[in-house]
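# Notes for the structure review
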Amino acid sequence: MMDCKGLVILLMSVTAVLGQRTRQQFFRTRPQDSFVSEGGRAIISCVIGNLGGRVQWTKDGLTLGYNRELPGFKRYSVVGSDESGIFNLQILNASLHDEAEYECQVGPNGTNKAIRESARLQVLLAPTSVEFEGYTSGSQLVVQESTEVELTCRAKDAKPKPDIVWYIGGVEITKGRREDEDEKGTSDKRMTVASTLRFRPTAMDNMKTISCEAQHPALTAGPMTASLQIFVQYPPGQPEISGYTPGEPIKRGSRVSLTCRSKGGNPAATLTWYKDGERIDSSYTNIKDGSTNTYEFIAQASDNNAEYSCQAKNDLVKKPLQAAIKMLVQYGPESVEILGPTEANLGEMLSFECVTSESNPPVDIWWVVDGRAVQGNHTRTLSSETGGWITRTNMTVSIGARDTVKNIQCQAINQAVKETKVQTHTVGVLYPFERPRIVGYSEEDTLVGGQQEKIKCTAQGGYPLASLKWFHRNTEVFSEYSVGENHASAILYLTPNMTDNGAVYRCVATSRAAPEPTEVSVRLAVKYAPTAVKIRTSPERLRQGTEATLVCESGEANPPATVVWIHDGVPLTGTTEVDLGSYGGRVTRNVLKFRVKTEDDGSVFTCKAQNEVGEALDAVTMSIAYAPRFPEVANPVEVVEGKEFVLNLTANGNPGQMTYRWTGPNGVVLGGQGLAAVNGGLLNISRATRDMAGTYTVTVNNSEGAADVKFLLDVLYAPRISSLTEYVMLEVGETAVFDCFFHSNPVKYDGIFWKKQTEDEEGLVDVYGTDPGVSVEWESVDGNGVNARLVMRNVTESDVGRYFCAVSNGIGGETLRETFLLVKSKPKMVIRQSSKSAAGNRETAILVCRAQGAPNITFTWRRMSGELGGGSKYEVFNRRVNPLEWESAFHVMDINPADYGIYECTARNALGLSKTQIILQQPSAPEIPRNFHTVNVTADSVILSWIPGFNGGSEQIYRVQYFQQHAGSLYNQPSYYDVYPMNSTSVLIAGLSSSSRYAFSIQALNDLGESAYTPDIEVHTLAAADTGSSSSSSSNNQPLVDGLTDTTSQNVPIIISISVGVCGTLLLLLSVILISCLVHRRNREKRSSATSATTTRSLSSSDSSTKSAAQDGLFNGSQGTSCYNDTMSEETMSEISEKSGSFISPHDGRISGLPHLLPEGYRPHAVSTYLTEQIGGIYSVEQGREIGFTSSNLPLGKNQFTTEDTESQYADELRRQAYIQTLAKPDLIQIEGDGYNISQIGSSISYPNSPVGEYFTNSDMIESELQSTDINHPDNQPQHICHNNFVSGAQTLGRASNRFGSRKSPFQVVIPSTAAIVGGGGAAGNLSTPPVCSTPQNNFNARFPILAGLASPNRNLGEFSTFGGNGCGQATTAGKSREDGGHEPSGHLV
């Protein structure tokens, strides 16, 4: 039974298998013909049921491939999945090239037969444009009403041809005639449609939009449209006037508003107002369906019977359309006039007529005489041309015996407008005035000359009033005439002078009522001051000893003037005479006589005339003729050689026209040219010379006589040393003699010194006075010549040095001339500053060595750590600086890291040798200055000085830091001053406060950094009174240094300082706590990330058997710090990548580890996906989210290098590409080939295949495992057989390596062991390299000290490294690689 049951199960299984095999694959969804717009996305469906075979698509018979990505067809892909059986073909950015027949093919598999189904893809091309023929879309179409219009619209280059629909005002056009025509497009498959529309627009179509719309299935966003705006022209309607009813009267002064309106019209009608045919207003306004013009005015008399018309016109009207009205205006007369006499005699009969101006209707007239109404004799009414009425009436009046004035009125009344106009007329009756009289001056009064007076003449009564005028003699004088109620007056404004004394002024009155003029007069009495004084001198030419007469005569004065003479402020007595003047006053004269003296020449005599009214002055300057006289002159006259000098020997004499003659030494006559030029009495020496010394004679003369003077000119000059013993070479114990011959004027023997330069060359010391073996002698030669002799007995080696003959005499500075004392001895090295030299990579270093000694010195150079090589690497230049000192300059060409070190300079002569060592190093920050001290202190300034330290290999500047010290202040704000020019060794700091305490320090700076500050030195500024600058110091405490202010006003109270300090301490503690928390959290994340990375690596290794073991080697760079600014955007880095190009060849299947160098000039094309699509770049992209590095894409192999200098390009490209990858793929980056992984991209960046020492060989190890593994533990040694095999003295190229400009690369090069490169874990040496730009933290520095060296501030590193060898113990040095024929890397490796 069990056998049957088993048989049944077997049969059922076989049946199931056979049944399954009989199920055929089929199309669930077959490909269908499709349409897609150009630039759109096309999907051709293909869904397979019971999929058994492989699926692929073909295009017009061309197979596209089985890979869903369809390599080689970037816009094509197969979407879906194998499990679902969906193999839809997707085409992006479709174009005409994609129009074809596509077939979905399913291959056979076992019993499954092959199946296939095809579909055609049509690409729709939208019209490229829609436009009117002859018009621009959006413009205006101007037509006249009922005129036929023809428009043509074209829709161009569509596939298939588009449909065209016409619209007007948004409504489809069905009327009119339309013709459509197909035209060929710009290519075979494109079509253009031209549609022509003919129609007649009406006024209703005005301002509507006519549009041509192209409709096409490819226009997914909507149809394309071109449109025009129709402007239909038609005539306006008849104008209409409103605002006034014809025949209706209006009063003058009323406001009238007339409105003219015309309906319709396009363009709108222009409306113009006319008055009696003259245009008065054209300011019309367009309104809806027409235009209007409103004219407003105030009705006047001229508007009566006036015709107002309005005319309407546009371009379609040949004769203007017009409407008109006539106005009726009522008004009273503007004026009333009375015609008749204005004067009359008693008993006379007078006639008067009253006439009005126009009025409408006529007026009524009434007469009023002296307040009583009087009836007129006759009245007439006349019509005017303008439609108004003029009224005239007359009457008669008689003059009675009592009448003096007749008042007559004419009243015109217009009853219609209720207006009355009145005119008054006055008639005067003639009678004479009273006799005039003068007011304001009497015969007893006296006027003062120069003071204005007012005299009035008045006449009472009379008709008409009297006319008054003033006369002087027969000439009318201007006066001010005025009339009152019953009088007239004339005022005379008079400013009298001496001519008015005794003058008569008349007032004359006249009138028509008086038959003869009437006059009154007055005689004036005037007091006046003397107008001037006049001085006469005799004789005309005055000489010493003669008598002079001075006459002073005053002008006429009333009362008589008193005349006096004044000389040097003292009144003088003379003889007085008085005469009668021309206008009743008196003329006074004063005669003064005196004996002339020479001292009176140029003195002033003043004459003063004075009375009670005023005074007059005049003066005369005496001119006394005398012979010249010289001023006193010092003898001798001293002048300093080379200086400018002016001697003034101008003589006094009168007349001043004098002639000078200058005679110099040896009788030479001086002129106006040369170094000693004369100009009159001036001797101008522009530059004094010794040959000018001697006796000078000056002669001067004028018309009165002559004079002369002599003086001795003495030229003073500083000492000049004409000869000095050059140098003396002696044996020890011999006597040295130095002779110094000089000239000077004057000669001062106490100014002769012999000095020796100190060993530090910072000063001079006297060589005699304490040593009995040293003596000084001198003797005079030729007056101004002196020979000074220095004798040194029993000389020793300590006497060797530079000696000076120093002479001074108070003229100029001290005169120095050097000589040398040489005592035969072995060389002595001269160390002045620092025994260091610095030069950057590829530069030339100069090492300078100096030595003193005698006889002649020679130099030799060597390295302390090996011999110097031959060839052109080194050059030596020796020279004799002076008889005592020799110098050797050792040039090291084309510096590389191997050249840095200690060099020894040896100086030799016949008596021995001496040595010194000089360090050649990389450029660095300068050393701290030495011997910082004060030189001088004033109340507001200080002079500081120092000795430079080693400059680090480049020019240095200095920065002074200083602050004012305040008692009780915990904080002092420092000020800074940068010293220029470069390499200065002293500075003046000004703007300090007087009587204050300051602290100063200094540091040196160059382009590589700065030194520390020197210890503070204290300086106490002087009190203001000590330097006489108290005012400036007290008023201005602003330091004159870089615009910095004095810190005097910045004192901080102690309590505030303490509070600030406590708050700062609390903030610091809080920051430390926060940082500790962040570090702890980050370490936990790193451990978690490391565990995750290990798991990922294991899964990757187990899943893919085709990957190299090298892919499993990981290095976690999360413990470092990124060298790049994480804030840089992806867009920025992408742009850098696309523009920079690459130096790496495309992946071409070469063996891993062998580079392929491209020819010069190769630049792969840029891409926009951060190199993930560029297979030929530094990186290749695998499927998924992992980015790998392949050794064939890297620039350098481990055993093959070139010698081209491409360091900069390689390093920049490598860093740039690595950072771009971190932006593009912020996930795990897995290495393929000989590369390594980058995890935790946000905090660290490492570079592939970097020539940096590998730290371990276990490819399965990551950084987190390194941190927890004891490298010295025996259990771990088999797994890390090469982790500690570094080249002895491994070096790095760091921030001070001169990689960029003078500083060079900010990255480091590590020389690894060859064993570390090729040992353990993979055929190609699959090792991980450390992150070059990372600074390891935590315990990693202690375990791997070479990484700690990367951050060391003092790095003396080699720049070239050579990688090679086949084992961990076969490291090869850079020097040996050259001998073995190896190649240097192509540039400086990073």
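From a predicted model like this one, the values you see are computed outputs, not experimental measurements. Throughout, residues of each chain are indexed from 1 in the direction in which the sequence is written. Given that this is a predicted model, residues contribute local features only at a pLDDT of at least 70 and side-chain atom pairs are listed and counted only at 80 or more, while totals for whole chains, interfaces and linings are drawn from all residues. The side-chain numbers reported here are obtained from all heavy atoms of the structure, hydrogens and water having been left aside.

## Let's talk about the overall build of the protein chain
Inclusion rule: Every helix listed is a DSSP run of H or I at least four residues long, and every strand listed is a run of E at least two residues long, numbered separately from the N terminus. Partly exposed residues are those whose accessible area sits between 20% and 50% of the maximum for their type, while under 20% is buried and over 50% is exposed, using a 1.4 Å probe and protein chains only. For this analysis, residues touch if any pair of their heavy atoms sits within 4.5 Å. Areas reported here follow the Shrake-Rupley algorithm with a probe of radius 1.4 Å; residue values treat only the protein chains shown as occluding.
A tally of regular secondary structure across the protein chain gives 11 helices and 92 strands. For the protein chain, with 1390 residues in total, the buried portion stands at 44%. Restricting the contact set of the protein chain to residue pairs at least 6 apart, pairs at least 24 apart contribute 67%. With an accessible surface of roughly 71400 Å², the protein chain has 49% of that area assigned to carbon and sulfur atoms.

## A closer look at a nonpolar patch on the surface
What counts, and what does not: Patch construction takes residues with relative accessible area above 30% that form no salt bridge. Like charges are linked within 9 Å, and nonpolar side chains (Val, Leu, Ile, Met, Phe, Trp, Tyr) are linked within 5 Å. Each reported salt bridge corresponds to a side-chain nitrogen of Lys or Arg within 4 Å of a carboxyl oxygen of Asp or Glu.
Taken together, Ile1058, Val1062, Leu1066 and Leu1069 make up a surface patch of nonpolar side chains, about 370 Å² in accessible area. Turning to its location among the elements, Leu1069 is positioned in helix α4 (residues 1054–1103).

## Concerning the packing of aromatic side chains
Here is the rule we go by: Between the rings of Phe, Tyr and Trp (Trp by its six-membered ring), a pair exists once the centres lie within 6.5 Å; its type follows the angle of the planes, with under 30 degrees stacked, over 60 edge-to-face, and the other angles tilted.
What the rule picks out here adds up to 19 aromatic pairs. Where Trp861 meets Phe890, the ring centres are 4.9 Å apart and the plane angle is 15°; that geometry is what we call stacked. With a gap of 29 residues between them, Trp861 in strand β78 (residues 858–863) and Phe890 in strand β80 (residues 885–892) connect regions that are remote in the sequence. This pair shows no difference in class: Trp861 is buried, exactly as Phe890 is. Ring geometry for Tyr874 versus Phe890: centroids 5.4 Å apart, planes at 15°, classification stacked.

## Brief notes about the sheet that holds strand β8 (residues 88–91)
This is how the line gets drawn: The pairing criterion for strands is at least two bridges between them, as found by DSSP. For helices, the axis comes from a line fit to the C-alpha atoms of the stretch in contact; other axes are also lines fit to C-alpha atoms, and the angle between any two N-to-C directions lies between 0 and 180 degrees.
Ordered by their spatial adjacency, three strands build an open sheet running β3-β8-β7, and the pairing between neighbours is antiparallel. Edge positions in the sheet fall to β3 (42–44) and β7 (76–79), since each has one partner strand and no second. Within the sheet, the average angular offset between the axes of one strand and its neighbour, ignoring direction, is 25°.

## Section: the sheet that holds strand β50 (residues 542–543)
Judged by pairing direction, the sheet is mixed, and its three strands sit side by side in the order β50-β58-β61 without closing on themselves. Edge positions in the sheet fall to β50 and β61 (652–654), since each has one partner strand and no second. As defined by bridge partners, strand β58 (residues 624–629) adjoins β61 across two bridges and the pair is classed as antiparallel. When the bridges of β61 are listed, Arg629 appears paired with Asn652.

## Considerations on the pattern of salt bridges
Taken as a whole, this structure holds 47 salt bridges when the rule is applied. Of the charged contacts in the structure, one is a salt bridge between Glu553 and Arg589, with a shortest N-O distance of 2.7 Å. Linking Glu553 in strand β51 (residues 547–554) with Arg589 in strand β55 (residues 586–595), this pair joins segments that are 36 residues apart in sequence. With a shortest N-O distance of 2.7 Å, Asp899 and Lys873 are connected by a salt bridge. One end of the pair, Asp899, is in the loop between β80 and β81 (901–909); the other, Lys873, is in the loop between β78 and β79 (874–880), with 26 residues separating them in the sequence. On the basis of relative accessible area, Asp899 is assigned to the buried category, the value being 5%. For Lys873, a relative accessible area of 19% gives the class buried.

## Topic: unusual backbone geometry
At the junction of Lys159 and Pro160, the peptide bond is cis and its omega measures out at -10° in the coordinates. In this structure, Pro160 sits in the loop between β13 (149–158) and β14 (163–168). Cis geometry marks the peptide bond from Tyr980 to Pro981, where omega comes out at 0°. Here Pro981 shows up in the loop between β86 (975–979) and β87 (986–990). A positive phi angle, close to 65°, is found at Asn305, a residue other than glycine. The backbone phi angle of Asp568 is positive, close to 55°, even though this residue is not glycine. Mapping Asp568 onto the fold places it in the loop between β52 (562–567) and β53 (570–572).

## What to know about the state of the cysteines
Stated precisely, the cut-off is as follows: Working definition: a disulfide is two cysteine sulfur atoms within 2.5 Å of each other.
If you walk through the whole model with that rule in mind, you get eight disulfides. Covalently, Cys153 is tied to Cys212 through a disulfide, its sulfur atoms 1.8 Å apart. The chirality of the disulfide connecting Cys153 with Cys212 is left-handed, given an S-S dihedral of about -80°. On the criterion of sequence distance, the pair formed by Cys153 in strand β13 and Cys212 in strand β18 (residues 209–215) is long-range, its members being 59 residues apart.

## Remarks on the confidence of the model for the protein chain
Quick reminder of the rule: A residue's pLDDT is the predictor's confidence in that residue, given on a scale from 0 to 100.
Chain-level pLDDT for the protein chain is 76 on average; 74% of the residues reach the 70-or-more range. Note that residues 1091–1208 has pLDDT below 50 and, in this model, 265 contacts with residues that lie over four places away or in other chains. The model gives residues 1218–1390 a pLDDT under 50, and that stretch makes 440 contacts with residues more than four places away or in other chains.

## With respect to the environment of Leu51
Residue placement: Leu51 occurs in the loop between β4 (47–49) and β5 (55–59). What makes Leu51 partly exposed here is its relative accessible area of 32%. Expressed as a C-alpha distance, the spacing of Leu51 and Phe27, which sit 24 residues apart in the sequence, is 9.2 Å. Residues in contact with Leu51, not counting those within four places in the same chain, are Gln25, Asp82, Phe87 and Val106.

## What to know about the side chain of Thr393
Basically, it comes down to this: Any pair of nitrogen or oxygen atoms within 3.5 Å is treated as a polar contact; in protein, a donor-acceptor pairing is required on top of that, and neighbouring residues in sequence qualify only through side-chain atoms on both sides.
Tracing the backbone through its elements, the reader meets Thr393 in strand β36 (residues 389–398). On the basis of relative accessibility, which here comes to 3%, the residue Thr393 falls in the buried class. Polar side-chain contacts of Thr393 include one of 3.0 Å to the backbone oxygen of His378. Contact partners of Thr393, with chain neighbours within four places excluded, come to Phe352, Glu353, Cys354, Ile365, Trp367, Gly376, His378 and Thr379.

## Side note on the side chain of Ser34
If you trace the backbone, Ser34 turns up in strand β2 (residues 34–37). Among all residues touching Ser34, those that are not within four sequence positions of it are Ile43, Ile44, Arg120, Leu121 and Gln122.

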